[in-house]
Amino acid sequence: MDWHDTMIYVRAVHFAACMLTAGVVFFTVFIVPPVWADSDFVKGLPAFRARLLAAAWISLAVSVISGALWLLFTAQSMSGEPLPDVLSQGVIWTVLTRTEFGNAWLLRLVAGGLLAATFAGLFPAQRRPARAIASVAVVLAAVFVGGLAWAGHAIGASGLEGTIHPAADVLHLIAAAAWIGTLPFLVPLFAATEHGAMPMALVRAATLRFSALGIVSVGTLFATGVVNSWYLVGSIAALTETFYGKLLLVKVALFFGMVAIAAVNRLRFTPRLMGNGIAAFRQLRRNAVIETLGGAIVVGVVAVLGTLPPASHAHHHAAYGAVPKGAAFVHIHTEEGMADVTIKPGHTGEAHATIRLWNGDFESLDARKVTVTLTPPTPGGKAATRIAVQDADGAWQVNRLDLTEPGNWTVTVDAALGPDSHLVLDAPIVIDPEQ
Amino acid sequence: MRMLIAVVSLFLLASASAAEAHAFLDHASPLVGSTVPTAPHQVSLTFTQNLEAAFSTVEVTDANGVRVDQGKAQVSGNTMQIGLKALPPGSYKVQWHALSVDTHTTQGAFSFRVGAP
């Protein structure tokens with residue numbers, strides 16, 4: 001398992017744990033009050049309350065541990081240092097204090113610590129939580145889960161996008177926690193009702209509250225999801241042709257599947273809680289389990305999405321993100337078009353060239369034929385011209401180039417775009433002596 | 001069905017705008033691959049996203065691989081600048097390593113030439 005895979009698991013666990021941490025707080029404050037209200041008469045309440053408290057502590061503990069691992073791996077990736085050096089040379093501290101990601105992690109850690117301090121008051125033994133404690137806990141939970149936006153693609157733009165995109169992402173995360181983070185806690189509530197440990201009328205009132213919160217959450221998720229997609233996907237083509245876009249479609253499909261189940265719950269089963277309640281509770285419990293599983297898959301998909309370059313600039317990534325180690329690279333930029341030339345290895349001897357062509361808007365440029373000329377640094381040296389072959393990815397390849405001497409070579413790319421149309425680009429490229 | 005139409009039209013609207021999230025080189029001064037008649041005093045790189053100063057670097061070397069920059073890059077928002085020593089005519093290589101604020105690293109290199117075109 002490589003670093004990238006490990007990071008996906010760490011992200012998935014952290015997202016899930018944060019959703020549940022905030023979820024149990026939202027559930028306790030917004031969903032459960034009807035049950036709290038009559039606490040003297042509800043025999044299943046102490047056990048349910050103990051479960052919520054245990055879930056809160058476990059979720060928070062898992063969030064903190066997975067968050068620490070995320071920080072560690074990110075610090076390693078940022079610094080390019082091996083793990084022992086990251087721990088011993090103060091890299092973690094530099095990340096925490098001098099990067100936006102680190103600042104967000106510090107803020108979230110503080111919010112998590114303060115949230116833990118509210119747990120005793122939030123899950124009291126004999127009464128409903130005090131309004132002040134409940135309000136503070138909700139704000140802290142929102143900061144704890146919403147701060148995750150600073151670990152994602154929503155951050156870093158300037159201008160209007162620099163404000164709207166993070167705001168949308170924060171709301172998206174809070175709404176997700178209010179829906180898929182609270183869902184799992186309905187399951188034991190319904191189960192207790194089926195066993196007669198909870199009064200049906202009170203749980204029905206709680207279910208209606210969940211339903212109202214669910215409608216607000218789904219609306220928020222949809223609106224903010226559209227904003228995020230606007231910035232990160234950019235076009236229908238990017239949605240269907242890139243891996244990022246396809247994964248996002250899987251997420252959107254899961255979302256609508258879960259919304260469909262929620263609609264059935266709301267329109268079909270919830271009204272039946274008045275009559276033959278037990279059967280309807282059983283159906284609702286089953287659907288809550290299915291929706292929770294759907295939510296878990298969504299969290300897994302999100303964990304992968306965050307590690308991928310967004311679809312709106314997958315093409316840029318090919319240009320700059322992946323210059324192989326030891327390769328010579330030049331980006332040739334003109335109004336008419338651009339070329340990225342990579343020569344690997346970038347030293348004397350036999351080498352291989354890869355050429356990618358773009359138009360002025362950084363979209364792939366189709367050429368009928370591409371020739372590459374390499375002129376050696378020494379005046380009067382013999383230039384070699386070779387015909388490039390296009391590979392399945394659209395890049396043009398030239399094998400077995402003979403780089404006879406180190407220094408400033410000139411690379412000339414001649415792309416035939418049409419019968420009478422050529423794009424000719426040239427630039428110096430530095431070839432190192434063989435090590 | 002109404003929902004589906006809404007989604008499709010929103011995505012169509014969305015296709016009108018595409019934005020950046022990782023830091024890629026947008027433009028540079030001196031221009032990537034250019035020949036400048038007089039030696040520049042600094043190299044300035046503008047990226048598609050804001051950078052983290054603590055982990056973004058740039059190095060300028062001459063054809064022999066000797067560093068010709070002043071050592072410490074200045075990072076502000078989405079630009080990174082580095083001062084240069086007095087450059088004699090020749091070819092120079094700029095190698096950059098950028099950490100965008102969304103925690104992704106990118107890197108690249110380009111060359112420019114000082115002297116008569």
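Keep in mind the model is a prediction, meaning the values are calculated, not measured.

What counts and how
Residues numbered from 1 in each chain as written. Chains lettered and ligands numbered in written order. Predicted model: local features only at pLDDT ≥ 70, side-chain atom pairs only at ≥ 80, totals over all residues. Heavy atoms only, no water. Helix = DSSP H or I, 4+ residues; strand = E, 2+ residues; numbered from the N terminus. Rg over C-alpha atoms; globule rule 2.2 N^0.38 Å. Buried < 20%, exposed > 50% of the residue type's maximum accessible area, 1.4 Å probe, protein only. Contact = heavy atoms within 4.5 Å. Lys, Arg positive; Asp, Glu negative; His and termini not counted. Charge placed at Lys NZ, Arg CZ, Asp CG, Glu CD. Pairing = 2+ DSSP bridges. pLDDT = per-residue confidence, 0-100. Patch = residues over 30% accessible without salt bridge, like charges linked within 9 Å, V, L, I, M, F, W, Y side chains within 5 Å. Areas by Shrake-Rupley, 256 points an atom, 1.4 Å probe, with all protein chains shown as cover. Salt bridge = Lys/Arg side-chain N within 4 Å of Asp/Glu carboxyl O. Axes fitted to C-alpha atoms, helices over the stretch in contact; angles between N-to-C directions. Expected span 1.5 Å × (residues − 1). Parallel < 35°, antiparallel > 145°, perpendicular 65-115°, else oblique. Left-handed = near helix turned anticlockwise from the far one by under 90°. Nonpolar A, V, L, I, M, F, W, Y, C, P; charged D, E, K, R; others polar. Domains from an automatic or database assignment. Polar contact = N/O pair within 3.5 Å; in protein donor to acceptor, adjacent residues only side chain to side chain. Phe/Tyr/Trp six-rings, centres within 6.5 Å; stacked < 30°, edge-to-face > 60°.

> Residues and numbers for the overall build of chain A, please.
The number of helices and strands found in chain A is 14 helices and 9 strands. In terms of C-alpha radius of gyration, chain A reaches 28 Å, well past the compact-globule figure of 22 Å for 435 residues. Seen along its three principal axes, the alpha-carbon backbone of chain A occupies a region of about 100 × 50 × 40 Å. In chain A, which comprises 435 residues, the proportion classed as buried is 54%. Pairs at least 24 residues apart make up 67% of the contacts formed inside chain A by residues separated by at least 6 positions. Charged side chains of chain A number 27 positive and 28 negative; the gap between the two group centres comes to 22 Å.

> Tell me about the sheet that holds strand 1 (residues 328-333) of chain A, residues and numbers included.
Residues and elements named next belong to chain A. Strand order in the open sheet formed by 5 strands is 1-2-3-7-6, with antiparallel pairing between adjacent strands. Of all the strands in the sheet, just strand 1 and strand 6 (389-390) have a single pairing partner and so form its edges. Here strand 2 (residues 338-344) runs beside strand 3 (residues 349-358); their pairing, made up of 7 bridges, is antiparallel. When the bridges of strand 3 are listed, Met338 appears paired with Trp358.

> Hey, could you go over the confidence of the model for chain A for me, with residue numbers and the actual values?
Residue and element names in this part refer to chain A. Across chain A, pLDDT averages 85, with 91% of residues at or above 70. Across chain A, helix 7 (residues 131-146) holds the top mean pLDDT of 95, while helix 14 (residues 314-321) sits lowest at 41. The model gives residues 313-322 a pLDDT under 50, and that stretch makes 32 contacts with residues more than four places away or in other chains.

> Residues and numbers for a nonpolar patch on the surface, please.
Residue and element names in this part refer to chain A. A cluster of nonpolar side chains, Val13, Ile58 and Val62, forms an exposed patch at the surface whose accessible area comes to about 240 Å². Residue position: Val62 is located in helix 3 (residues 45-79). Residue Val62 is classed as partly exposed on the basis of its relative accessible area of 32%.

> Outline the sheet that holds strand 9 (residues 421-431) of chain A, listing residues and values.
Residue and element names in this part refer to chain A. Taken in spatial order, the 4 strands line up as 5-4-8-9 in an open sheet, and their pairing is antiparallel. One side of each edge strand has no neighbouring strand; the edge strands of this open sheet are strand 5 (384-387) and strand 9. Ignoring strand direction, the axes of neighbouring strands in this sheet form an average angle of 20°. For strand 8 (residues 407-418) and strand 9, the ladder comprises 11 bridges, and the chain directions are antiparallel. Each residue of the ladder has a partner; that of Asp414, found in strand 9, is Val424.

> Kindly report on helix 12 (residues 243-269) of chain A, identifying the contributing residues and their values.
Counted at 1.5 Å a residue, the expected span for helix 12 of chain A with its 27 residues is 39 Å, and the 38 Å between its end C-alpha atoms agrees. Along helix 12 of chain A, the positions that sit buried rather than exposed are A:Tyr244, A:Gly245, A:Leu247, A:Leu248, A:Lys251, A:Phe255, A:Met258, A:Val259, A:Asn265 and A:Phe269.

> Can you break down the packing of helix 3 of chain A against helix 9 (residues 183-194) of chain A residue by residue, with the values?
Residue and element names in this part refer to chain A. Put simply, helix 3 and helix 9 touch, their axes get as near as 11 Å, and they point 160° apart. Viewed along their axes, helix 3 and helix 9 adopt a mutual orientation that is roughly antiparallel. The crossing of helix 3 and helix 9 is right-handed. For the pair helix 3 and helix 9, the contacting residues are Phe48, Arg51, Leu52 and Ala55 in the first and Phe185, Pro188 and Leu189 in the second. Residues of the contact of helix 3 with helix 9, tallied by class, amount to 6 nonpolar, no polar and 1 charged.

> Requested: an account of the domain arrangement of chain A, with residues and values cited.
Along its sequence, chain A is organised into domain 1 (3-313) and domain 2 (323-431). Once you take the C-alpha centre of each, domain 1 of chain A and domain 2 of chain A turn out to be 49 Å apart.

> Help me get a handle on the pairing of strand 6 (residues 79-83) of chain B, residues and values and all.
Residues and elements named next belong to chain B. Of the two faces of strand 6, the one holding Met80 and Ile82 is buried and the one holding Thr79, Gln81 and Gly83 is not buried anywhere. Relative to strand 6, strand 5 (residues 74-76) runs antiparallel, the two sharing 3 bridges. Pairing of Gln74 across the sheet is with Gln81, part of strand 6. Linkage of strand 5 to strand 6, two consecutive antiparallel strands, is achieved through a turn of 2 residues, within which Gly77 is found at a positive phi near 60°.

> Describe the pattern of salt bridges, listing the residues and the values that go with them.
Applying the stated criterion to the full structure yields 4 salt bridges over all chains. In this structure, the salt-bridge partner of A:Glu194 is A:Arg285, at a minimum N-O distance of 2.8 Å. Note that A:Glu194 is positioned in helix 9 and A:Arg285 in helix 13 (residues 277-305), a separation of 91 residues in sequence. Taking the relative accessible area as the measure of exposure, A:Arg285 reaches 27% and is therefore partly exposed. For B:Arg67, the salt bridge identified is with B:Asp69, shortest N-O distance 2.9 Å. On the basis of relative accessibility, which here comes to 34%, the residue B:Arg67 falls in the partly exposed class. Using a relative accessible area of 4% as the deciding quantity, one classes B:Asp69 as buried.

> Just give me the short version of the side chain of B:Ser56, but keep the residues and values in it.
Residue and element names in this part refer to chain B. Structurally, Ser56 can be placed in the loop between strand 3 (42-47) and strand 4 (57-62). On the basis of relative accessibility, which here comes to 6%, the residue Ser56 falls in the buried class. A polar contact of 2.8 Å, which involves the side chain of Ser56, links it to the backbone oxygen of Glu52. Within the local environment of Ser56, its side chain forms a polar contact with the backbone nitrogen of Leu99, the two atoms lying 3.1 Å apart.

> Quick rundown of the packing of aromatic side chains? Include the residues and the values.
Residue and element names in this part refer to chain A. The final tally for this structure, using the stated rule, is 14 aromatic pairs over all chains. Note on Trp179 and Phe255: the rings are 6.0 Å apart at their centroids and 90° apart in plane angle, and the pair reads as edge-to-face. Pair noted here: Trp179 is in helix 8 (residues 159-179) and Phe255 is in helix 12, with a separation of 76 residues, a long-range link. With relative accessibility at 3%, the residue Trp179 sits in the buried group. Residue classification places Phe255 among the buried positions, given a relative accessible area of 16%. Both rings, one in Phe255 and one in Phe256, keep their centres 5.2 Å apart while their planes meet at 70°; by these two values the pair is edge-to-face.

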